[in-house]
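So you can see what is in the structure, the chains are spelled out below.
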Amino acid sequence: ARLSAARYGKDNVRVYKVHKDEKTGQQSVTEMTVCCLLEGEIDTSYTQADNSVIVATDSIKNTIYIKAKEHPVNPPELYASILGQHFLDKYAHISAAHIDVTVHRWTRMVIDGQPHPHSFLRDGQETRNVEATVTRDGITIKSGIVGLQVLKSTGSAFHGFVRDEFTTLKETWDRILSTDVDAGWTWKKFANVAAVQDGVERFDAAWEAARNITLKTFAEDESASVQNTMYKMCEQILDAVPETEKTNYSLPNKHYFEVDLSWYKGLQNTGKDAEVYAPQSGPNGLIKCEVSRS
Ligand SMILES: O=c1[nH]c(=O)c2nn[nH]c2[nH]1
């Protein structure tokens, strides 16, 4: 037997950082969960019980906090790049750092029409995600949105699909569409941290654009299928964010089934009379795509 792949580190490292603006007294908060995994000349720790090559996962966890204190945690793409680069700079035998950052929502409260200086609410389980791989050859970054739950009560159809002896699904020109958005956009490779830092505002702008494109397209598209609607989202993100090289979506189709109540006094609740539905926990459709520049 031979070790064909290995990476290790600390997962589920929860980090909170507050920024206090001395002038305005306004405070801002960031909460994220970090996973940091290292690759390199670490094989002997697996094969020979040689712990001399191991940067302890506890030390990795400590480093995550130290770098969050010493450097900005926003945008998460920059923090992930700085954190990953640290391990290559400090440990010659480490060749790659894989940094995943999941940023949770703390949206500033608006009280009596005024943004509150230091109070926030968790308006959804949606997260902003970054997957960065830092190597001595450069930094690859994939940004994303995960867990953005959306539903439309009409404006979705699904018909013209294969009909054969396996098919029971009825065609529909008017259905509920609901999904949990998992969207990603991969940046062209950055040469180093300086290249990430240069024009760093691109990352927040891209997240804003991707989120707005997703919501607008979901709402306004007369959807012929999940497949076609998500492709339209991808096209627009590539157009809006020129420094990206590809985008990807993974969308569960969370079904809402009509409930036939006609057995009860002839109560009509199907087709155009459908109002009461049974939301399904599963099974669910799962539609994935990756769209690249032509
Ligand atoms: O949008 C959809 N795409 C599909 O592939 C599918 N299959 N069943 N329902 C579906 N809806």
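Thresholds applied
- Residues numbered from 1 in each chain as written.
- Predicted model: local features only at pLDDT ≥ 70, side-chain atom pairs only at ≥ 80, totals over all residues.
- Heavy atoms only, no water.
- Salt bridge = Lys/Arg side-chain N within 4 Å of Asp/Glu carboxyl O.
- Helix = DSSP H or I, 4+ residues; strand = E, 2+ residues; numbered from the N terminus.
- Buried < 20%, exposed > 50% of the residue type's maximum accessible area, 1.4 Å probe, protein only.
- Near = heavy atom within 4 Å.
- Polar contact = N/O pair within 3.5 Å; in protein donor to acceptor, adjacent residues only side chain to side chain.
- 1 Å grid on protein atoms, 1.4 Å probe; cavity = no way out; pocket = protein on both sides within 12 Å on 5 of 7 lines; lining within 4 Å.
- Sits in = over half its atoms within 2 Å of the grid points.
- Nonpolar A, V, L, I, M, F, W, Y, C, P; charged D, E, K, R; others polar.
- Core = buried A, V, L, I, M, F, W, Y, C linked by side-chain atoms within 4.5 Å.
- Axes fitted to C-alpha atoms, helices over the stretch in contact; angles between N-to-C directions.
- Parallel < 35°, antiparallel > 145°, perpendicular 65-115°, else oblique.
- Left-handed = near helix turned anticlockwise from the far one by under 90°.
- Contact = heavy atoms within 4.5 Å.
- Points joined across faces, edges and corners; volume = space filled by probe spheres on them.

## Looking at the pattern of salt bridges
By the definition in use, this model includes 17 salt bridges. The salt bridge involving Arg 128 is made with Glu 77; its shortest N-O contact spans 3.2 Å. Within this pair, whereas Arg 128 is found in strand E6 (residues 127–135), its partner Glu 77 is found in helix H3 (residues 76–90), the two being separated by 51 residues in sequence. Classification of Arg 128 by relative accessible area gives buried; the value is 13%. Of the residues examined, Glu 77 reaches a relative accessible area of 1% and is grouped as buried. The residue Glu 243 makes a salt bridge to Arg 202 at a minimum N-O spacing of 2.7 Å. Of this pair, Glu 243 sits in the loop between helix H6 (226–240) and strand E9 (244–253) while Arg 202 sits in helix H5 (residues 201–220); the two residues are 41 residues apart in sequence, bridging distant segments of the chain. In this structure Glu 243 comes out as partly exposed when scored by relative accessible area, which is 35%. A residue is classified by how much of its surface remains accessible, and Arg 202, at 13% relative accessible area, is buried. Salt bridges linked by common partners bring Arg 105, Asp 123, Glu 126 and Arg 211 together as one network.

## Regarding the site of the ligand
Taken together, the neighbourhood of the ligand is formed by Phe 158, Leu 169, Arg 175, Ser 225, Val 226, Gln 227, Asn 253 and Ile 287. Residue Gln 227 places a side-chain N or O atom 2.9 Å away from an oxygen atom belonging to the ligand. Judged by its atoms lying within 2 Å of the grid points, the ligand is housed in the largest pocket. Of the residues belonging to the shell around the ligand, the class tally is four nonpolar, three polar and one charged.

## Examining the nonpolar core
One finds Val 34, Leu 38, Ile 64, Tyr 79, Val 101, Ile 141 and Tyr 249 to be the most contacted residues of the largest nonpolar core, which totals 61 residues. In terms of residue count, the dominant contributor to this core is H3 (seven residues).

## Some details on the packing of helix H2 (residues 57–70) against H3
Remark: H2 packs on H3, axes separated minimally by 10 Å, with the N-to-C direction vectors making an angle of 130°. Relative to H3, H2 is oriented oblique. Between H2 and H3 lies a crossing whose hand is right-handed. In contact with Ile 60, Thr 63, Ile 64, Lys 67 and Ala 68 of H2, H3 contributes Tyr 79, Leu 83, His 86 and Phe 87.

## Concerning empty space enclosed by the protein
For the structure on display, the rule yields one cavity of 30 Å³ or more. Empty space within the largest cavity amounts to approximately 60 Å³. Contributions of two or more residues to the lining of the largest cavity are made by strand E8 (177–187) and H6. In terms of residue count, the dominant contributor to the lining of the largest cavity is H6 (three residues). For the lining of the largest cavity, the class distribution of residues is five nonpolar, two polar and no charged.

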